[in-house]
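# Secondary and tertiary structure notes
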Amino acid sequence: MSKKFLLAALAVILVLPSIALANGLNLNGLGSRAQGMGGAFVGIANDFSAVFWNPAGAAGFRKEMFGFYATDLIPTATYRLPLYNAFASSLPGQGILVAKTKTSHYLGGLAAYYKPISSKVVVGLGIGTPSGLGTMWDGQDFTPIPGGTVYDWSSKVGVVSISPLVAVKLSDVVSVGATFNLNYGMFSLKKPAGTVIVGEEPGIPIPPGPLDLGQYEENMNGWGFGATFGVLVTPSAKLGFGLTIRTPSTVSFSGTANMPTLSVYHLPGSSDLKRKITWPLGIAGGVSFRPVPRLLLSADVHWTQWSKLDRITTDYLESAWETLVEMSGIDIRVFDWKDATQLRFGAEFTLNASTVLRAGYYNDPAPGPLATLNVLRPSHTFNAVSIGIGKTISDLQLDFGLEYLMGTTRTAVPSLPVIPGAMPGTYGMKIVVPTASVNYKF
């Protein structure tokens, strides 16, 4: 292994995690060129983002290559709830609760290095942020719900993937590739724990009656693994077909939860906890077509098996916590998500020998049903538009893009039986996503 390979790999490992730690909402792609084309890139995958879109695309690289991509997701979420709603504690006729997320910047990215080791085999390493979810609200907006007390309301779950890659060119037409994905997950949550009615539970030295559990917080991290497999078929210079399969990955989280109010009652104010979350199976197919030399068109279909994300439970090591959280329902996160299929379309137009313009569109259906909506785990159907520009300077490629995701308004009403964690109300979401990439061949 060459010294250049080791140095580039070290740079990837050191630089990207510092960006990815603030990862936020669902990331729908990595790489400015791909995102500028609406993420319709499985049938192309011929730049440094191939490690994410289709590892088979790397088999066509004839030079060593290093690329770096950064993105900033800037979401605006809204939540409205009539205060006469049975969910709220205020009296009828006092208006509408209106909440809006704080302005936040959720950073993500990808860094990747590739090296041809023969005329048919390319190896590489990528580190990126393939997924994430989260929101940050102003607790003052929610005071009518917990009875006038200001609590912190925020959530963040994200993954950083370390992905060594191998790609092989089987013929002039067919290439295959694969990555092993070592996934590091991060999970944090802040919310009011709610009120429980205490009886004569063993190990709970509290007089019978209502108990306000106060602020609840948790922070966890953990590891999991998975793999990505890809095939790229290029019958001609004008036509390409791609297929990518990303296996499920279960991340085993562990960490600490805190409910400081419990210490007032001589109970442990914190507890170690464990939780497993599975990122589901994903299958994507794409086609690219060049009708004229200066125009490249692409279309993708992406299917995700979100139905495997049904409900998530937590194991608390403190026995008193196990009893209290079971009574409050905060240890159960009911998702009941459904499988979803994205449609993506993109175009790239060559303006001159060094400049290209891009545009794209995709539809990303909400996997979460109305009955399980919660302000701390947003789930919206997005219609997204994107634009981009690329500039080539010898072996250096610079790409810039901008995405705008328009989430559909969703209204959830109270349901019976009550689903733990569900919050009826009207939800809205918009996201602005600027991106930039640098790709260098040497």
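Residues numbered from 1 in each chain as written. Predicted model: local features only at pLDDT ≥ 70, side-chain atom pairs only at ≥ 80, totals over all residues. Heavy atoms only, no water.

### Quick look at the overall build of the protein chain
Along its length, the protein chain carries four helices and 22 strands. By residue count, 50% of the 442 residues in the protein chain fall in the buried class. About 18900 Å² of surface is accessible on the protein chain, with carbon and sulfur atoms providing 64% of the total. (Helix = DSSP H or I, 4+ residues; strand = E, 2+ residues; numbered from the N terminus. Buried < 20%, exposed > 50% of the residue type's maximum accessible area, 1.4 Å probe, protein only. Areas by Shrake-Rupley, 256 points an atom, 1.4 Å probe, with all protein chains shown as cover.)

### Remarks on the environment of G421
Looking at the secondary structure, you find G421 in the loop between β21 (410-412) and β22 (425-441). Using a relative accessible area of 29% as the deciding quantity, one classes G421 as partly exposed. For G421 and V375, which are 46 residues apart along the polypeptide, the C-alpha to C-alpha distance reads 9.6 Å.

### Considering the side chain of S104
Within the fold, S104 resides in the loop between β2 (96-100) and β3 (106-116). Residue classification places S104 among the buried positions, given a relative accessible area of 10%. If we skip the residues at most four places from it in the chain, S104 touches L73, I74, P75 and M136. (Contact = heavy atoms within 4.5 Å.)

### Quick look at the nonpolar core
Generally speaking, soluble globular proteins have nonpolar side chains that are buried together. One finds Y79, W137, F142, Y216 and V375 to be the most contacted residues of the largest nonpolar core, which totals 57 residues. Leave out the neighbours within four places in its chain, and W137 touches A77, T78, Y79, A99, K100, T101, K102, F142, W153, V375 and L376. (Core = buried A, V, L, I, M, F, W, Y, C linked by side-chain atoms within 4.5 Å.)

### Observations concerning the environment of L182
Among the secondary structure elements, L182 is positioned in strand β6 (residues 174-192). Given a relative accessible area of 32%, L182 falls into the partly exposed group. Here the alpha-carbon distance between L182 and V160, two residues 22 residues apart in the chain, equals 8.3 Å.

### Here we look at the packing of aromatic side chains
One pass over the full model with this rule turns up 15 aromatic pairs. Consider the rings of W137 and F142, whose centres lie 5.6 Å apart with planes at 90 degrees: the pair is edge-to-face. Each member of the pair W137 and F142 is classed as buried. Centroid distance F187 to F253: 6.0 Å. Interplanar angle 65 degrees. Geometry classified as edge-to-face. Within this pair, whereas F187 is found in strand β6, its partner F253 is found in strand β11 (residues 249-258), the two being separated by 66 residues in sequence. You'll find F187 and F253 in the same group, each marked buried. Members of the aromatic cluster, joined through ring pairs, are Y79, W137, F142, W153 and Y427. Above the face of the F52 ring, R246 is positioned so that its terminal group lies 4.8 Å from the ring centre. (Phe/Tyr/Trp six-rings, centres within 6.5 Å; stacked < 30°, edge-to-face > 60°. Lys NZ or Arg CZ within 6 Å of the ring centre and 35° of its normal.)

### Quick notes on the confidence of the model for the protein chain
Mean pLDDT over the protein chain works out to 85, with 86% of the residues at or above the 70 mark. Contacts from residues 1-26, a stretch scored under 50 in pLDDT, to residues over four places away or in other chains number 62 contacts. (pLDDT = per-residue confidence, 0-100.)

### A look at the pairing of strand β15 (residues 311-316)
Here β15 shows a buried face lined by I312, T314 and Y316 and an unburied face lined by R311, T313 and D315. Where strand β12 (residues 270-279) and β15 come together, three bridges link them in antiparallel fashion. Opposite L273, over in β15, you have Y316 as the bridge partner. (Pairing = 2+ DSSP bridges.)

### Let's talk about a nonpolar patch on the surface
Taken together, V301, L343, F345, Y361, V385, I387, L402, Y404 and V432 make up a surface patch of nonpolar side chains, about 730 Å² in accessible area. Among the secondary structure elements, those contributing two or more residues to the nonpolar patch are β17 (340-352), β19 (382-393) and β20 (396-407). Along the polypeptide, I387 turns up in strand β19. (Patch = residues over 30% accessible without salt bridge, like charges linked within 9 Å, V, L, I, M, F, W, Y side chains within 5 Å. Salt bridge = Lys/Arg side-chain N within 4 Å of Asp/Glu carboxyl O.)

### A short note on unusual backbone geometry
Not every positive phi belongs to a glycine, and H266 is a case in point at roughly 60 degrees. Relative to the helices and strands, H266 resides in the loop between β11 and β12. H266 sits in the exposed class, given a relative accessible area of 74%.

### A short note on the pattern of salt bridges
Evaluation of the coordinates by the stated rule reveals six salt bridges. Between K115 and E64 there is a salt bridge; the shortest N-O distance is 3.6 Å. Remark: E64 occurs in the loop between α3 (50-53) and β1 (65-82) and K115 occurs in strand β3; sequence separation between them is 51 residues. Using a relative accessible area of 21% as the deciding quantity, one classes K115 as partly exposed.

### A word on the side chain of R410
Of note, R410 is situated in strand β21. Under the relative-accessibility criterion, R410 is labelled buried at 13%. Within the structure, the side chain of R410 is placed 2.8 Å from the backbone oxygen of G368, a separation counted as a polar contact. At 2.8 Å, the side chain of R410 forms a polar contact with the backbone oxygen of S379. (Polar contact = N/O pair within 3.5 Å; in protein donor to acceptor, adjacent residues only side chain to side chain.)

### Examining the pairing of β3
The element β3 is extensively covered by neighbouring structure, given that eight of its eleven residues are classed as buried. Sheet topology note: the β1/β3 ladder contains nine bridges and is antiparallel. Across the sheet, M65 pairs through a bridge with Y114, a residue of β3.

### Points about the environment of L351
Within the secondary structure, L351 sits in strand β17. Sequence separation between L351 and I389 is 38 residues; the distance between their C-alpha atoms is 10.0 Å. Filtering out sequence-adjacent residues up to four positions away, L351 remains in contact with R294, V356 and L357.

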